[in-house]
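The primary structure of each chain is shown beneath.
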Amino acid sequence: MLSAIVPLLLLASPSPPRPPSSSRRGEAGAARSGGASSAPSPSALTSAAVGNAEEDSAPVDGWGMRRDARDEWLDEALIERPPSSSDAFETASRLVERFLADDAIDRPPLRRIDVEGFDDGDRDEGFDLLFGAPAPPSSAASEVDAAPLARRKRTSKKRKKRTTLKLTVAYRGSDFCGWEDQRHELYRADDSSGRSGDDGRIDEDGSATADAASDATRPPPSLPSVQGTLADVLGPLLGRGGASAVGSEGGSEEGGSEATTKRVKPLEVKVAGRTDKGVSAIGQVCRVRTWTELEEVESRVTDEFNRRTAATGLGARIRSVEVTGDEFHPSFGAKGRSYVYLVDLDEDSDGSDASDEGDGRAGIAADLAPRMDRMLRALEGKELDYFAFSHGKVKTQTTMCTLIRARACVAEWTGDDADIDDGGPKGDVEGIGKRAICVELAGDRFLRRMVRILVGTALREAHGARIVEDREGSGEGGRRGEGDEGRDDALLRILSARDRRLRSRAAPPDGLVFVGAKF
């Protein structure tokens, strides 16, 4: 009887699980990318990544970029610009300093210049902060004032009311190691939100990520972070953490004891768009909460932070504070984010075409703007896979993004009343009338370094179009792939290929400015 039972047991026992089929994964990846079987999946592309090098040098992320004469031009004209040459980001710097100033902004600091081939098109309110906006109707009311729940407060078991504050912050990127506070273990030590390791952070250019565990191994930064500065300054005022509890961002306070360096979770600061080192902001949106009841909390928060940063020389300023609803979240609640990239025109360039020698070595000139604009507009309004324009290991669930606005133009610095009063008529004041290529990007989400890589690639491709037009399509100058050089859909074709080798290096962070978020 035993001999008859054993075969039955073997038949009934479950078979060992089959390992996942790599061919099936490849087919699924190809289906997601539009059915192109030759397109590698994100996992295959990122498996060859070697570290997270901060410098944008080839090979990048395990890939050797297919470089040609246009990449060499981009290096010389922008990325590896010699220190002795003029600053390519003077306009971007002036813009940030204008919003860090103590006085009110009476008029828009920039105006678009009509360039042949460029159509300004429809207005985008996300950039009204830069170029101005029509006067609103007198009967218009803000959402905060009109909505009955805008000032709703949460009541705790102790009958206290929690106040939620919406902060609009400007900061100078060169003064900080980036947005993110590097003291991740302090955020995880007392996480009552139930989302350990995921605080809704937004990557450099606006995409959600959760890499706190890997970042915690990084050495202490030499510069403070924007998030850490806000937490340290406002923490004591709002009743949570602060510098007295956690010490400086680079480590504990000198000579601190167990009591002063205990793991106390600092003030939680949420943000609409996490920026990288060197990237500035003029309308960053943050959220803080407090159980401390303060009279005139808006003015007290603004005055305390601005006074402290001014005393220390840090380029950061709270521009406005609003009491808002408890449900407000700057990252998850944002419908879109806006960025601008400004790179000054070379003073010795006439802005017409390549150099007289015909070698295609012209600098940053105005004629690049309409070419970039045509390429960028091809991306507008489409949900596309931006993997090719991302950096490092993909840590998001998807690399699909939609750009609501993607434009390029020539913008002129208009200055402000103080500039005119101090220097005389327009044209005689330093900086007044200075022009720069201005790239306007607004979208639902952005991947890591996506904006900077997109700007660098658009500049390179526009320069390639300049060469093609100057040489009447002779084919010289180092064509790439199937002859995309000079095409208005060059950026779109690179995205479709999902190949990081076809892009350029990322443009420097100095010209990138976070403009604001839309809710």
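Along each chain, residues carry numbers from 1 onward, in the same order as the chain's sequence is written. With pLDDT at 70 or above as the cut-off, local features in this predicted model cover only qualifying residues; side-chain atom pairs require 80 or more to be listed or tallied, and sums for whole chains, interfaces and linings still use all residues. The side-chain values count all of the structure's non-hydrogen atoms but skip hydrogen atoms and water molecules.

Our next topic: the overall build of the protein chain. Within the protein chain, the secondary structure is distributed over 16 helices and 11 strands. Only protein chains enter the calculation, and the probe is 1.4 Å; a residue is then buried if its accessible area is under 20% of its type maximum, exposed if over 50%, and partly exposed in between. In the protein chain, buried positions account for 50% of the 519 residues. Where accessible areas are quoted, they stem from the Shrake-Rupley method and a 1.4 Å probe; at the residue level, only the protein chains shown are allowed to cover. Accessible surface for the protein chain amounts to roughly 24,700 Å². Of this, 49% is attributable to carbon and sulfur atoms. Per the convention used, a helix needs a DSSP run of H or I reaching at least four residues, while a strand needs a run of E reaching at least two, with both numbered from the N terminus.

Let's shift gears to the confidence of the model for the protein chain. Taken as a whole, the protein chain shows an average pLDDT of 73; of its residues, 59% reach a score of 70 or greater. Element-level pLDDT for the protein chain is lowest in helix H2 (residues 22–32), with a mean of 36, against a maximum mean of 97 in strand E8 (residues 383–385). Across residues 242–248, where pLDDT falls below 50, the model places 22 contacts with residues more than four positions away in sequence or in other chains. Every residue gets a pLDDT, meaning the predictor's confidence in that residue, from 0 to 100. Contacts are residue-level and defined by heavy atoms, with any inter-residue pair within 4.5 Å sufficient.

Here, a salt bridge means any Lys or Arg side-chain nitrogen found within 4 Å of an Asp or Glu carboxyl oxygen. Following the criterion strictly, the structure yields 31 salt bridges and no others. Between Glu 80 and Arg 505 there is a salt bridge whose closest N-O contact spans 2.9 Å. With a gap of 425 residues between them, Glu 80 in the loop between helix H4 (69–79) and helix H5 (90–100) and Arg 505 in the loop between helix H16 (490–497) and strand E11 (512–518) connect regions that are remote in the sequence. Judged by relative accessible area, which is 48%, Glu 80 ranks as partly exposed. Taking the relative accessible area as the measure of exposure, Arg 505 reaches 14% and is therefore buried. Salt-bridge contacts for Glu 380 lead to Arg 407; the nearest nitrogen and oxygen are separated by 2.5 Å. Of the two residues, Glu 380 is situated in the loop between helix H13 (368–377) and E8 and Arg 407 in strand E9 (residues 400–413); the sequence distance between them amounts to 27 residues. One exposure class covers both Glu 380 and Arg 407, and it is buried. One salt-bridge network, held together by shared partners, links Asp 68, Arg 70, Asp 71, Arg 460 and Glu 461.

Of note in the backbone geometry, Glu 296 takes a positive phi value of approximately 50 degrees without being a glycine. For Glu 296, the location among the structural elements is in the loop between strand E5 (280–290) and helix H12 (297–312). Judged by relative accessible area, Glu 296 falls into the exposed class, the value being 60%. Backbone geometry places Arg 449, a non-glycine residue, at a positive phi of 60 degrees.

This next bit is on the nonpolar core. Formed by 103 residues in total, the largest nonpolar core has its most connected members in Leu 167, Leu 230, Leu 234, Val 301, Tyr 386 and Leu 459. Considering each element in turn, this core owes the most residues, 9 residues, to helix H15 (residues 450–470). Those residues in contact with Val 301, other than ones at most four positions away along the chain, are Leu 165, Leu 167, Leu 234, Leu 237, Leu 238, Ile 318 and Val 321. Definition used in this section: a nonpolar core is a set of buried Ala, Val, Leu, Ile, Met, Phe, Trp, Tyr and Cys residues joined via side-chain atoms within 4.5 Å.

This part is about the packing of aromatic side chains. When the centres of two rings from Phe, Tyr and Trp lie within 6.5 Å, Trp using its six-membered ring, the rings pair. Their planes under 30 degrees apart give stacked, over 60 give edge-to-face, and anything left gives tilted. Under the defined criterion, the tally for this structure stands at 6 aromatic pairs. A centroid spacing of 5.1 Å and a plane angle of 90 degrees characterise the contact between Tyr 339 and Phe 514, whose relative ring orientation is edge-to-face. With Tyr 339 in strand E7 (residues 336–344) and Phe 514 in strand E11, this residue pair connects regions lying 175 residues apart in the sequence. Across the pair, Phe 514 and Tyr 339 agree in class, each one buried.

Here, axes are lines fitted to C-alpha atoms. For helices the fit covers the stretch in contact, and angles between N-to-C directions go from 0 to 180 degrees. Between helix H10 (residues 226–238) and H12, the least distance of the axes is 10 Å, while the angle of their chain directions is 135 degrees. For the element pair H10 / H12, the angle class is oblique. Note that H10 runs across H12; the crossing there is right-handed. Taking contact as the criterion, the partners of Thr 229, Leu 230, Val 233, Leu 234, Leu 237 and Leu 238 in H10 are, on H12, Val 297, Arg 300, Val 301, Glu 304, Phe 305, Arg 308 and Thr 309. Grouping the amino acids of the contact of H10 with H12 by side-chain chemistry returns 8 nonpolar, 2 polar and 3 charged. Any angle from 65 to 115 degrees is called roughly perpendicular, while one under 35 is roughly parallel, one over 145 is roughly antiparallel, and all others are oblique. Throughout, a crossing is termed right-handed when the near helix is turned clockwise from the far one, and left-handed when it is turned anticlockwise from it by less than a right angle. Gly is placed with the polar residues, together with every amino acid not listed as nonpolar (Ala, Val, Leu, Ile, Met, Phe, Trp, Tyr, Cys and Pro) or charged (Asp, Glu, Lys and Arg).

The next point concerns the environment of Ala 231. Among the secondary structure elements, Ala 231 is positioned in helix H10. Owing to a relative accessible area of 0%, Ala 231 belongs among the buried residues under this scheme. Separated by 36 residues in the primary sequence, Ala 231 and Leu 267 place their C-alpha atoms 4.9 Å from one another.

Along H16, the residues classified as buried are Ala 490, Leu 491, Ile 494 and Leu 495. Projected down its long axis, H16 shows its buried positions confined to an angular sector of 140 degrees, all on one face. Positive phi appears at Arg 498, one or two residues downstream of H16, with a value of about 55 degrees. Think of the arc as the fan of directions from the helix axis to the C-beta atoms.

To continue, consider the pairing of strand E3 (residues 161–171). In terms of burial, E3 is a largely internal element, 10 of the 11 residues being buried. Criterion used throughout: strands pair if DSSP finds at least two bridges between them. Bridge count for E3 against E5 is 8 bridges, and the pairing is antiparallel. Following the sheet pairing, Val 169 is matched in E5 by Gln 284. Bridge count for E3 against strand E6 (residues 316–324) is 8 bridges, and the pairing is antiparallel. Bridge pairing links Tyr 171 to Ala 316 in E6.

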